[in-house]
Amino acid sequence: MMHFRSWLALASLCLPLTAAAQSLDLDKSVAAALKKVKADDVKAHIQYLADDKLRGRQPGTEGYQMAVDYVTKQLQSFGVKPAGDDGSYVQKVRLRRAFVQPEPLLALIEDKKVPTPLRPGEDFVYYPNPEQPKVFQETPLVFAGYGISAPELKYDDYQGLDVQGKIVLVVRGAPKSFPSTIAAASQDLLMIMQNAARHGAVGVLVASTNPKGQLPNLKRGAYSVLDAKGKVAASRSYVPGVGLRLVGATTAATLQRLFASAQADTGKVLSTLRGGKPASLPLRTVARVDFGNTYKDIESYNVVGQLPGSDKVLSKEYVVHSAHLDHLGVAAAVKGDSIYNGAHDNASGVASVLEIARLYSQLKDKQRPKRSVLFVLQTGEELGLLGSAYFAANPTVPKSKIVADVNTDMPTIIAPLLSVVPLGAQHSSLMEPVQRAAKYLDLSVENDPEPEQNRFIRSDQYSFVMQGIPALHIKYGNKTADGKNNLSELVQKWRADTYHKPQDDINGLFDFDAGVKYVQLNFLIGYQVANDPQRPTWNKGDFFGGRFGGARR
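Residues numbered from 1 in each chain as written. Predicted model: local features only at pLDDT ≥ 70, side-chain atom pairs only at ≥ 80, totals over all residues. Heavy atoms only, no water.

## Observations concerning the pattern of salt bridges
What counts here: For this document, the term salt bridge refers to a Lys or Arg side-chain nitrogen within 4 Å of an Asp or Glu carboxyl oxygen. Exposure categories follow from relative accessible area, calculated using a 1.4 Å probe and restricted to protein chains: below 20% of the type maximum is buried, above 50% is exposed, and the middle band is partly exposed.
One pass over the structure, following the stated rule, counts 16 salt bridges. Ionic pairing is found between R119 and D123, a salt bridge with its closest N-O pair at 2.9 Å. Classification of R119 by relative accessible area gives partly exposed; the value is 46%.

## Here's the deal with the packing of aromatic side chains
Stated precisely, the cut-off is as follows: When two rings of Phe, Tyr or Trp (its six-membered ring) have centres within 6.5 Å they constitute a pair, described as stacked for plane angles under 30 degrees, edge-to-face for angles over 60, and tilted for the intermediate range. Counting from the N terminus, the helices are the DSSP runs of H or I reaching at least four residues and the strands are the DSSP runs of E reaching at least two. We count a charge as sitting over a ring when the NZ of a lysine or the CZ of an arginine lies within 6 Å of the ring centre and within 35 degrees of the ring normal.
A full pass over the atoms with the stated rule returns 16 aromatic pairs. Taking the centre distance of 6.0 Å and the plane angle of 90 degrees together, the rings of Y155 and F178 count as edge-to-face. A residue pair is termed long-range when its members are at least 10 positions apart, and Y155 in strand β10 (residues 155-156) and F178 in the loop between β11 (167-171) and α4 (180-187) qualify at 23 residues. Given a relative accessible area of 6%, F178 falls into the buried group. Three or more aromatic residues joined by ring pairs make a cluster, and in this case those are F456, Y462, F543, F544 and F548. Here the guanidinium or amino end of R96 rests over the ring plane of Y295, the centre of that ring lying 4.3 Å away.

## Some thoughts on the nonpolar core
Using the following cut-off: Put simply, buried Ala, Val, Leu, Ile, Met, Phe, Trp, Tyr and Cys residues joined by side-chain atoms within 4.5 Å make one nonpolar core. Any two residues having at least one pair of non-hydrogen atoms within 4.5 Å are treated as being in contact.
Core analysis: the largest hydrophobic core is formed by 84 residues, its most contacted members being F143, L244, L283, L374, Y462 and F544. In terms of residue count, helix α5 (residues 189-198) provides more of this core than any other element does, seven residues in total. Discounting residues that sit within four places of it in the chain, F544 has contacts with T181, I182, A185, H427, F456, Y462, V465, W538 and G549. Judged by nonpolar contacts, the second largest core, of 77 residues, contains L24, V37, V403 and A404.

## Brief notes about the environment of Y499
Just so we agree on the cut-off: Any pair of N or O atoms that falls within 3.5 Å is considered a polar contact. Within protein, one atom must be able to donate a hydrogen and the other to accept it, and sequence-neighbouring residues count only if both atoms are side-chain atoms.
Structurally, Y499 can be placed in the loop between α12 (487-498) and α13 (512-531). The class of Y499 is partly exposed, set by a relative accessible area of 25%. Separated by 155 residues in sequence, Y499 and H344 have C-alpha atoms that sit 8.4 Å apart. Aside from chain neighbours lying at most four places away, what touches Y499 is D345, M410, R458 and W494. A polar side-chain atom of Y499 sits 3.5 Å from a polar atom in the side chain of H500.

## So, the packing of α4 against α5
What counts here: In this analysis, axes come from line fits to C-alpha atoms, helices being fitted only over the stretch in contact, and the angle between any two N-to-C directions falls in the range 0 to 180 degrees. In this classification, Asp, Glu, Lys and Arg are treated as charged, Ala, Val, Leu, Ile, Met, Phe, Trp, Tyr, Cys and Pro as nonpolar, and every other residue, Gly included, as polar.
Contact geometry of α4 with α5 gives a least axis separation of 5 Å together with a crossing angle of 65 degrees. Touching A185, S186 and Q187 of α4 are L189, M191 and I192, all from α5. Residue classes in the contact of α4 with α5 are distributed as four nonpolar, two polar and no charged.

## Quick look at unusual backbone geometry
Here the bond from D345 into N346 is cis, since omega is 5 degrees, no more than 30 degrees from zero. Summarising the element assignment, N346 is placed in helix α8 (residues 343-361). With phi around 55 degrees, K154 is a residue other than glycine that occupies positive phi space. Relative to the assigned elements, K154 resides in the loop between β9 (149-150) and β10.

## Here we look at the packing of helix α10 (residues 431-440) against α13
Note the cut-off: Oblique is the label for any angle not covered by the other classes, which are roughly parallel (under 35 degrees), roughly antiparallel (over 145) and roughly perpendicular (65 to 115). A crossing counts as left-handed when the near helix is turned anticlockwise from the far one by less than a right angle, and as right-handed when that turn is clockwise.
Between α10 and α13, the shortest axis-to-axis distance is 9 Å and the interhelical angle comes to 135 degrees. Comparing the axis directions of α10 and α13 gives the class oblique. When the axes of α10 and α13 are compared, the crossing they make is right-handed. Across from P433, V434, R436, A437, A438 and Y440 in α10, the residues of α13 making contact are L521, L524, I525, Q528 and V529.

By themselves these figures say nothing about function.
What follows is the structure, encoded as structure tokens:
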């Protein structure tokens, strides 16, 4: 059972001192403001942001700029002050789209024999290097299992393995003993790259274990964020400032070939890994790598506004309410429609943050939160969480003063909201305000009904986590009014028909009253955090707190 702290110093919230009750007794004016959240207001935001005239809100386009202008105007109308660059409402985000030039080379040199080139696009692909136009490397390959180092869970694929100056070959996966969120993070390409770089590797190749597996489609390039000096500031496929020069993917057949050359039994090695034991080994193969990269740079924007806190000291700290503003733009037609409107993903999340801002703005001075509140609408989520990664690492307020992020991404408002899953809250003291807020709204709190979806690391809250900032993302639970408690079945069907397709428009399935509940819940979570004299803390011994907690300074 989680320990619950005393909240004696909360002036605007009257909370019990016992953990058992966990009641949230709001001031009457705050409770009244909650009731003013209207389904029609949520719908109106979604209707505008998902209109065809915005052309899918792709970063760098006129449609995305229209979305920026809309949310800026809304925040202004609620009395939210600018908190972007140079007194504006925006933070510039310089996006670099990088491509690998034709005819990249990956040749295998086995036992010092003649190099055998693999087929680009069929046997391997490279992620473009966003900083080096030309990459050449000739170095040994080493198999490093899952590429995981997790001493807190007594597992390390790199133990006793020399990878200095070598290319690391890994397979995606994690020991079954890992909790789902930790397993998801451990398999994330960014964490795999960072870990390889820490051990001195110069490259990473991710091999499939599925003979029918598909290589990543990188024909449209890969995106990164540049800083003011033109250096990479954030990326999901490149680690700046270290010696890791190449990242790629290869097939199960290539993995089999490399193991055979090293006289290793593929089945036995993979079985050992699946059993939760490292199975790393040197390979008797040198890789010759040669490829070029080209770039196209565009400018996009995060929108950042703030409501100043009421306390002289705590107002210098910030609670973030975030959502991503971008979507996929115009792409391949599906059923005759080529505009990917992103009504649920993520016009609905942006609508939620805007209505949270309206709710805060309606509070009387005595009920205003002690901490300041930031409203951050981010670009580039669909390109790899890039806008949030840039903001979380380079915020427009001191990073050490950001105490928490409450993120909203595709809340999936297609049915009554009766239960919720607070993704990430289990890792910090944020679970406490979640439980109180949910109880106030008569919502059950559940475990993730679909942990295999890895949602915790797939949305913008994870960018804040990687900067050591406790964060969460509220998703629907499984509870249904008929007692069957199988909402995830409806969501899976809806997702198959709608997710990342042009059919995600305002004419789709919506329950705007569920949207109201999301607004109320996320507001109450942020409001409690903004009034608590103590900052949220990572749980003792937590994986994410231990891994990233030192980054917030």
